[in-house]
Amino acid sequence: MEESRRKFLKQSAIAAAGTYLGTMGLSAKSYGNIIGANDRVRVGVVGFSDRFKDSLLPSFLNHHKELNFDMVAVSDLWNYRRGLGVEMLKSKFGHDITACRNNDELYNLKDIDAVIVSTADFQHATHAIEAVNAKCDVYCEKPFAETMSDARAALKAIKASNQIIQIGSQRRSGGNYKAASQFIKDGKFGDITMVELSWNVNQPGRWRRPELVAKLKQEDTDWKRFLINRPFEEWDPRKYLEYRLFWPYSSGMPGQWMSHQIDTVHWFTGLKHPRSVVANGGIYQWKDGRRNWDTTTAVFDYGKENDPNNGFQVVFSSRMHNGDENPTEIYYSNGGELNLNTSKVSPKGGMTANAAKAMNMQPNLLPELKLTEQVEKVAASANTGGDKLTSNHMRNWMECIRSRQPTNAPVEAGYYHSIATIMTNAAARTGMKATFDEAKQEVMVGGKVFKY
């Protein structure tokens, strides 16, 4: 019955399209993938996480009625969270929700059109592969992958499919970020000479879940399925719930925070990854058994491959023991700066007329201007309550499911930020400079491939 419904809707759409497919630039096959405007899109939830319930769900709720989307099922390994998910979604959507113990059960339902993946960092790539193999469109939280083997496998599977994917890099749906990208690409900013990125918080409990850890029992979940392809470790509820603190389940700061900011570098410049990364840091404040640093500084060399005369430096710094949750992103050129916190371009720090005259050069100070009238401020909290950037990003995914057009953050965005975060993690774990082997698509340290 379900397949007949989909077939009828698609065939009707193709028939109605008739002779104008060519003028729209669509083949009959691609047009056949467009879900009819009156056909409700049924979404499944992969991982009933804090991020999902406090940010992604509110964003979805902002648009689902207008765009005719529904949520019908939730998959979570832990019976407690699975139950919470069913209860919450039932209250929001007013109908029964199917509870699935794992993703096999979810995709066996056969009536899921799309999924939102918000699981542990190291699971995102695998869960995206499962989704596209089940012919579902995907909203996949970042980081896209924490190892290059996972990243390559997910990129291959998604590129081979006809599914729509949105990587959870919501800056790509912000008006001020789009304006900054265009300003730089139009050549108005000049050559980038440096980028400063920072993300500082002062939260002893950031990424800790002590109350949930106390509730979690091994018999209530599936530890083996949770680990996927990671080396086996004995059961530990902290690693299950506080995974962001423990490598190899998460790289911590690089995957969680830096992935957002470094993505803008790739987007604005067209560069795919750094040429090299070095990193330093440690666990200086929160001695709570974590493996991942609470303080990180990473320095990147960006530019065209094998061209030392072309490039710029990027510095990412982050601390978890002193900060105001106001991530900083400032781009510098010889003529001034572009500040994404204020959405302003200014001549601040640029070469003055006197300095240019002394060097027999033309002054190149940038003008003072606003990129946009309204700054779409980044929400640094993990649980943002449907902030404007995330809401815009969710809507873009939903609209692209109907149009079958590329999303603002396609799979390549996730693949490229993964290269940068894995290089940073490799540098941090080994104390050596990390580089990228373009031919092998591998992160290298000390002449060896970095794996864990």
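Residues numbered from 1 in each chain as written. Predicted model: local features only at pLDDT ≥ 70, side-chain atom pairs only at ≥ 80, totals over all residues. Heavy atoms only, no water.

With respect to unusual backbone geometry
Which entries qualify depends on this criterion: A helix here means a DSSP run of H or I that spans at least four residues, while a strand means a run of E at least two residues long, and both kinds are numbered starting from the N terminus.
Cis geometry is found at the peptide bond from lysine 142 to proline 143, where omega equals -5°. Look at the link from tryptophan 247 to proline 248: it is a cis peptide, with omega at 15°. Among the structural elements, proline 248 can be located in the loop between α12 (237–241) and α13 (253–269). Even without glycine at this site, asparagine 68 takes up a positive phi of about 60°. Here asparagine 68 shows up in the loop between α4 (64–67) and β2 (69–75).

What to know about the side chain of aspartate 137
Put simply, the test is: Under the scheme applied here, a residue whose accessible area is under 20% of the maximum for its type counts as buried, over 50% as exposed, and between as partly exposed, the area being computed with a 1.4 Å probe on protein chains only. In protein, a polar contact means a hydrogen-donor-capable atom and an acceptor-capable atom, both N or O and within 3.5 Å, with residues adjacent in sequence counting only if both atoms are side-chain atoms; elsewhere, any N or O pair within 3.5 Å suffices. Only heavy atoms enter the contact rule, under which two residues are in contact if any of them lie within 4.5 Å.
Mapping aspartate 137 onto the fold places it in strand β5 (residues 137–140). When its relative accessible area of 2% is taken as the criterion, aspartate 137 is described as buried. A polar atom in the side chain of aspartate 137 sits 2.8 Å from the side chain of arginine 404. Contact partners of aspartate 137, with chain neighbours within four places excluded, come to Asp113, Ala114, Val115, Gln163, Ile164, Trp397, Ile401 and Arg404.

Quick notes on the sheet that holds strand β1 (residues 41–46)
Remark on secondary structure: sheet strands pair via backbone hydrogen bonds, oriented parallel or antiparallel. Quick reminder of the rule: In this description, strands pair whenever DSSP reports at least two bridges between them. Here an axis means a line fitted to C-alpha atoms, over the contact stretch when the element is a helix, while the angle between two N-to-C directions is reported on a 0 to 180 degree scale.
Ordered by their spatial adjacency, 6 strands build an open sheet running β3-β2-β1-β4-β5-β6, and the pairing between neighbours is parallel. Of all strands in the sheet, those bounded by a partner on one side alone are β3 (98–100) and β6 (165–167). Within the sheet, the average angular offset between the axes of one strand and its neighbour, ignoring direction, is 20°. With 3 bridges connecting them, β5 and β6 associate as parallel partners. Bridged to valine 138 within β6 is isoleucine 165.

Focus on helix α5 (residues 79–93)
Just so we agree on the cut-off: Helices are assigned an expected span. That span is 1.5 Å times one less than the residue count. Directions from the helix axis toward the C-beta atoms define the arc.
With 15 residues, α5 ought to run about 21 Å at 1.5 Å a step, and its terminal C-alpha atoms sit 21 Å apart, in line with that. The complete set of buried residues in α5 reads Arg81, Arg82, Gly85, Val86, Leu89 and Phe93. Buried residues in α5, looked at end-on, bunch into an arc of 140°, giving them a common side. Among the exposed residues of α5, those pointing more than 90 degrees away from its buried face are Glu87 and Ser91. The first or second residue beyond α5 is glycine 94, which carries a positive phi of 75°.

Considering the pairing of strand β10 (residues 312–319)
Bridge count between strand β7 (residues 192–200) and β10: 7 bridges; the pairing is parallel. Within β10, the position partnered with serine 198 by the bridge is serine 317. Direction of pairing for strand β9 (residues 295–302) relative to β10: antiparallel, over a ladder of 8 bridges. Residue pairing across strands places tyrosine 302 opposite phenylalanine 312, the latter belonging to β10.

Concerning the confidence of the model for the chain
For clarity, the cut-off: Residue-level confidence of the predictor, termed pLDDT, takes values from 0 up to 100.
Per-residue pLDDT for the chain averages 90, and the proportion of residues at 70 or more is 87%. Under a pLDDT of 50 for its full length, residues 1–33 has, in the predicted model, 31 contacts with residues more than four places off or in other chains.

Brief notes about the environment of threonine 126
Tracing the backbone through its elements, the reader meets threonine 126 in helix α7 (residues 124–133). With relative accessibility at 17%, the residue threonine 126 sits in the buried group. A C-alpha to C-alpha distance of 6.8 Å links threonine 126 and alanine 154, two positions 28 residues apart in sequence. Residues in contact with threonine 126, not counting those within four places in the same chain, are Ile228 and Asn229.

Remarks on the sheet that holds β10
Within the open sheet, the 11 strands sit side by side as β14-β13-β12-β11-β7-β10-β9-β8-β15-β16-β17. Their pairing is mixed. The open sheet has two edge strands, β14 (369–370) and β17 (448–449), and neither has a second partner. Two strands pair when backbone bridges link them, and strand β11 (residues 328–333) and strand β12 (residues 336–339) are joined in this way by 4 bridges, in the antiparallel orientation. Bridge pairing in β12 places tyrosine 331 opposite leucine 338. The sheet strands contacting helix α16 (residues 411–430) are β8 (276–282), β9, β15 (434–437) and β16 (442–445), and the helix crosses β8 at an angle near 55°.

Some thoughts on the packing of aromatic side chains
Cut-off, in case you're wondering: Each aromatic pair joins two rings of Phe, Tyr and Trp (for Trp, the six-membered one) with centres within 6.5 Å, and gets the label stacked for planes under 30 degrees apart, edge-to-face for over 60, and tilted for any other angle. Here, a charge over a ring means that NZ of Lys or CZ of Arg falls within 6 Å of the ring centre while also lying within 35 degrees of the ring normal.
The final tally for this structure, using the stated rule, is 21 aromatic pairs. Measuring from ring centre to ring centre gives 5.1 Å for tryptophan 78 and tyrosine 80, while their planes differ by 45°; the resulting arrangement is tilted. A ring pair is formed by tryptophan 223 and phenylalanine 226, whose centres lie 5.5 Å apart and whose planes are at 10°; its orientation type is stacked. Here tryptophan 223 pairs with phenylalanine 226, and both are found in helix α11 (residues 223–227), just 3 residues apart, close to one helical turn. An identical accessibility class is assigned to tryptophan 223 and phenylalanine 226; each is buried. Members of the aromatic cluster, connected to one another through ring pairs, are Phe122, Trp223, Phe226, Trp235, Tyr240 and Tyr249. Sitting above the plane of the phenylalanine 246 ring, lysine 239 keeps its charged end 5.2 Å from the centroid.

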